[in-house]
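Here are the chains, one letter per residue:
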Amino acid sequence: MDQQTPRRTAVVTGASSGIGAATARALAAAGYHVFCAARRRDRIEALVAEIGGTPVACDVTSESSVAALAELVGDRLDLLVNNAGGAFGAAPVAQADSDDWRRMYEVNVIGLMQVTRALVPALVASGAGAILNVGSTAGRIAYEGGAGYTAAKHGTQVVTETLRLELWDQPVRVMEIAPGMVKTDEFALVRFEGDQDKADAVYAGVAEPLTAEDIADAITWMATRPPHVNVDELVIRPRAQAAQHKVHRV
Ligand code: 8X3
């Protein structure tokens, strides 16, 4: 490749599993050099062995870890996918665990901010950057037992909107994808602290929940629109989930 058309680069956080890993794969297939960032080095090294790119051991909640990521990326970046996030616990507000709530705010909001803050200069320098935050339908509604997570994901949404306003005169798109029910290996298992029965119950009887690949496909579509096309937010659910509480189970 000559210097006038450098290979497009992307950073994907939380790339070790689920939506993050699928997104890294899809972007690599679309021609990006992907910096696969996650805490679990063995996983991202295995992923990079498969798809190319650069593995970066990174904890988005650590400022020094994020600074090291930015250093590795260098002074030019086309796409940032802020995917690292998650739910910890499902207790009602009246029984909530403060540490779970802190962890959810740390990763879904502060981590997203830290990575964004570190990489905005490189995204601006590309002349046509894009930031794509992975939110959730949990950032649109409320449900019982979900308050720690819904509060954090509402945070993801509002930070995205704010950033779009703040970068309005810069060559950087700011977008959010808000998935509903996506069946991945880890999301529900992590939420229920390894309780497989509780995790399985989330998807019980749902013939076709979304997959990580469905979300990766949508993210790749959003990212690869022309630089003047900003998909502000894309809410995406399985057909079986007409609304958060209205899920068709057979
Ligand atoms: C995941 C969607 O329904 O579990 O972000 O809150 S839900």
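See the structure above.
Residues numbered from 1 in each chain as written. Predicted model: local features only at pLDDT ≥ 70, side-chain atom pairs only at ≥ 80, totals over all residues.

1. Details of helix 4 (residues 98-125)
Phase 1: A rise of 1.5 Å per residue sets the reference length of helix 4, with its 28 residues, at 40 Å; its end C-alpha atoms lie 40 Å apart and thus fit the reference within 8%.
Phase 2: Its maximal kink placed at Leu 119, helix 4 deviates by approximately 45°, while the proline Pro 121 follows within four residues.
Phase 3: Listing the buried residues of helix 4 in full gives Met 104, Val 107, Asn 108, Gly 111, Leu 112, Gln 114, Val 115, Thr 116, Ala 118, Leu 119, Val 120 and Leu 123.
Phase 4: Gly 127 lies just past helix 4 and shows a positive phi near 85°. (Helix = DSSP H or I, 4+ residues; strand = E, 2+ residues; numbered from the N terminus. Expected span 1.5 Å × (residues − 1). Bend = angle between axes of the 7 residues up to and from the residue. Buried ≥ 20, exposed ≤ 12 C-beta atoms within 10 Å, placed from the backbone.)

2. Overview of the site of the ligand
Phase 1: Around the ligand sit Ser 136, Thr 137, Ala 138, Gly 146, Gly 180 and Met 181, and that is every residue in its neighbourhood.
Phase 2: Taken together, the residues of the shell around the ligand sort by class into two nonpolar, four polar and no charged. (Near = placed C-beta within 6 Å. Nonpolar A, V, L, I, M, F, W, Y, C, P; charged D, E, K, R; others polar.)

3. Here we look at the packing of helix 1 (residues 18-29) against helix 8 (residues 212-223)
Phase 1: Contact geometry of helix 1 with helix 8 gives a least axis separation of 8 Å together with a crossing angle of 50°. Overall, the two elements helix 1 and helix 8 adopt an arrangement that is oblique. Crossing hand, helix 1 versus helix 8: right-handed. Contacts between helix 1 and helix 8 involve Gly 18, Ile 19, Ala 22, Thr 23, Arg 25, Ala 26 and Leu 27 from the former and Ala 212, Glu 213, Ile 215, Ala 216, Asp 217, Ile 219 and Thr 220 from the latter.
Phase 2: Residues that form the contact of helix 1 with helix 8 fall into these classes: eight nonpolar, three polar and three charged. (Axes fitted to C-alpha atoms, helices over the stretch in contact; angles between N-to-C directions. Parallel < 35°, antiparallel > 145°, perpendicular 65-115°, else oblique. Left-handed = near helix turned anticlockwise from the far one by under 90°. Contact = placed C-beta atoms within 7 Å.)

4. A short note on the nonpolar core
Phase 1: Counting 65 residues, the largest nonpolar core has Val 11, Val 12, Cys 36, Ala 37, Leu 119 and Leu 132 as its most contacted members.
Phase 2: When residues in this core are grouped by element, the largest group, eight residues, is from helix 4. (Core = buried A, V, L, I, M, F, W, Y, C linked by C-beta atoms within 7 Å.)

5. Remarks on helix 3 (residues 63-73)
Phase 1: Buried residues of helix 3: Val 66, Leu 69, Ala 70 and Val 73, and no others. Axial view of helix 3: buried residues confined to an arc of 95°, hence all on one face. Facing away from the buried side of helix 3, by more than 90 degrees, are the exposed residues Ser 64 and Glu 71.
Phase 2: Buried residues along helix 3 sit against strand 1 (9-13), strand 2 (33-38), strand 3 (54-57) and helix 4.
Phase 3: The positive-phi residue at the C-terminal boundary of helix 3 is Gly 74, with phi of around 90°. (Arc of directions from axis to C-beta.)

6. Digging into the sheet that holds strand 9 (residues 233-236)
In any sheet, the strands associate via hydrogen bonds between backbone groups, in a parallel or an antiparallel arrangement.
Phase 1: Spatial strand order, 3-2-1-4-5-6-9: seven strands in an open sheet with parallel pairing. Among the strands making up the open sheet, the edge pair consists of strand 3 and strand 9. Strand-to-strand, the axes of this sheet are offset by a mean angle of 15°, without reference to chain direction.
Phase 2: Where strand 5 (residues 129-134) and strand 6 (residues 172-179) come together, six bridges link them in parallel fashion. (Pairing = 2+ DSSP bridges.)

7. Topic: the pairing of strand 6
Working note: regular strand, side chains alternate between the two faces of the sheet.
Phase 1: Across the eight residues that make up strand 6, a large majority, eight, are buried.
Phase 2: The sheet contact formed by strand 6 and strand 9 spans four bridges and is parallel. Bridge pairing links Glu 176 to Glu 233 in strand 9.

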